[in-house]
Amino acid sequence: MSDHDIQLNDPQTLYRRWEESQWSPFLIDLDRDREQWAAMSGEDRDLIFYVLSSLMVAEERITTKFSGLVGAHGSEEEATFLSTQQVDEARHMQFYARFQDEVVAAPDLIAAHVERARENVSDAFRHIFDEQLVQAHEQLLAEPANLATKVRFVTIYHLILEGTLGLTTFKFTTDHLSAEQLLPGFVEGYSKIHHDETRHIGYGVWFLRETVKAMPETAEVLRQALRDLLPSVAASLAPPDTGSDHGFGAIGATTEAIREFALGGLTRRLDIIGVPLASLQG
Ligand SMILES: [Fe+2]
Ligand SMILES: [Fe+2]
């Protein structure tokens with residue numbers, strides 16, 4: 001593909017799309033989910049419980065470790081789009097919290113749901129969300145005008161967490177639930193979240209491509225963030241010590257299929273950005 005053929009969506013285009021894509025986490029029908037959840041047992045229930053715990057923790061982090069990027073905007077159009085992403089992430093957290101309130105557990109504060117969910121996530125997952133993301137966000141808050149800091153944050157947040165971990169988790173979870181006709185309300189909400197995520201990832205690819213083009217030295221910051229995070233992403237997509245009781249082993253997806261999907265998407269996005277995956281070794 002030549003440079004000419006790539007149509008990237010700039011923040012203003014993404015903002016206009018957001019205006020046309022509003023939804024409410026409180027209007028999704030969860031009646032069927034409640035019945036099914038009460039009757040569910042074994043691997044299906046374990047899998048959903050594991051995925052829900054991960055999503056609950058991830059969206060809390062993703063929501064509360066974002067405002068630094070809004071403050072680091074480069075234009076009014078970018079500030080506008082980033083404000084919408086902040087709202088989206090809060091909405092996603094609200095949907096998972098409602099699912100905890102009404103299907104999995106009982107009504108409680110979001111903090112209580114997050115705390116309970118934390119007991120079920122892996123060490124690799126904790127390393128990504130509680131250490132790497134938190135540090136990158138603190139650095140951005142301290143130095144909003146430092147473009148290298150912003151490149152590291154967007155690489156971790158948009159390219160790795162949303163673009164690689166998030167899209168892969170969505171694909172294998174919803175493929176399985178749809179095939180088994182399980183939890184239709186959850187699948188509907190998660191699909192709306194996924195639609196929002198495609199805008200967020202579009203922003204990340206746009207920002208990284210523009211920045212690397214204008215300042216080629218920032219490519220190394222991007223590469224270093226990938227080197228720092230990818231081992232933990234691989235570990236959290238295929239938890240090594242939990243076998244088929246947790247994670248995607250339970251839905252019959254092979255480690256190779258998961259790896260191929262995750263790396264395939266990352267490879268395509270890195271090609272568009274202009275920092276090929278192969279350049280990590282060089
Ligand atoms: Fe989200
Ligand atoms: Fe997002």
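First things first, this report covers the structure right here in the doc. Model, not experiment: these values are computed from the prediction.

## Details of the overall build of the chain
Working step 1: Within the chain, the secondary structure is distributed over eleven helices and zero strands.
Working step 2: C-alpha extents for the chain along the principal axes are approximately 55 × 40 × 35 Å.
Working step 3: Here the analysis covers contacts within the chain between residues at least 6 apart in sequence; of these, 81% occur between residues at least 24 apart.

## A look at helix 1 (residues 11–19)
Working step 1: When we look at burial in helix 1, the residues that qualify are Pro11, Leu14 and Tyr15. Taken down its axis, helix 1 places every buried residue within 105° of arc, on the same side.
Working step 2: Among the structural elements, helix 5 (76–104) and helix 9 (184–214) are those in contact with the buried residues of helix 1.

## Focus on unusual backbone geometry
Working step 1: Even without a glycine there, the phi angle at Gln181 is positive, about 55°.
Working step 2: Locating Gln181 in the fold gives a position in the loop between helix 8 (147–180) and helix 9.
Working step 3: At Leu183, a position not held by glycine, the phi torsion is positive, near 45°.
Working step 4: One can find Leu183 in the loop between helix 8 and helix 9.

## Section: the nonpolar core
Working step 1: The biggest cluster of nonpolar side chains holds 68 residues, and the ones touching the most others in it are Leu52, Tyr96, Phe99, Ile156 and Leu208.
Working step 2: Those elements giving two or more residues to this core turn out to be helix 1, helix 3 (42–64), helix 5, helix 7 (123–142), helix 8, helix 9, helix 10 (219–237) and helix 11 (255–273).
Working step 3: Of all the elements, helix 8 adds the most residues to this core, at eleven residues.
Working step 4: Other than its neighbours up to four places away in sequence, Tyr96 contacts Leu52, Leu55, Met56 and Glu59.

## Quick notes on the packing of helix 7 against helix 10
Working step 1: Close contact between helix 7 and helix 10 brings their axes to 7 Å; oriented N to C, the two are set at 140°. As summarised for this structure, helix 7 and helix 10 are arranged oblique, according to the angle between their axes. Between helix 7 and helix 10, the contacting residues are Ala124, Phe125, His127, Ile128 and Gln132 on the first element and Asp228, Leu229, Ser232, Val233, Ala235 and Ser236 on the second.
Working step 2: In terms of residue class, the contact of helix 7 with helix 10 is made up of six nonpolar, four polar and one charged.

About the criteria used
- Residues numbered from 1 in each chain as written.
- Chains lettered and ligands numbered in written order.
- Predicted model: local features only at pLDDT ≥ 70, side-chain atom pairs only at ≥ 80, totals over all residues.
- Helix = DSSP H or I, 4+ residues; strand = E, 2+ residues; numbered from the N terminus.
- Contact = placed C-beta atoms within 7 Å.
- Buried ≥ 20, exposed ≤ 12 C-beta atoms within 10 Å, placed from the backbone.
- Arc of directions from axis to C-beta.
- Core = buried A, V, L, I, M, F, W, Y, C linked by C-beta atoms within 7 Å.
- Axes fitted to C-alpha atoms, helices over the stretch in contact; angles between N-to-C directions.
- Parallel < 35°, antiparallel > 145°, perpendicular 65-115°, else oblique.
- Nonpolar A, V, L, I, M, F, W, Y, C, P; charged D, E, K, R; others polar.

On their own, these measurements won't tell you what the molecule is for.
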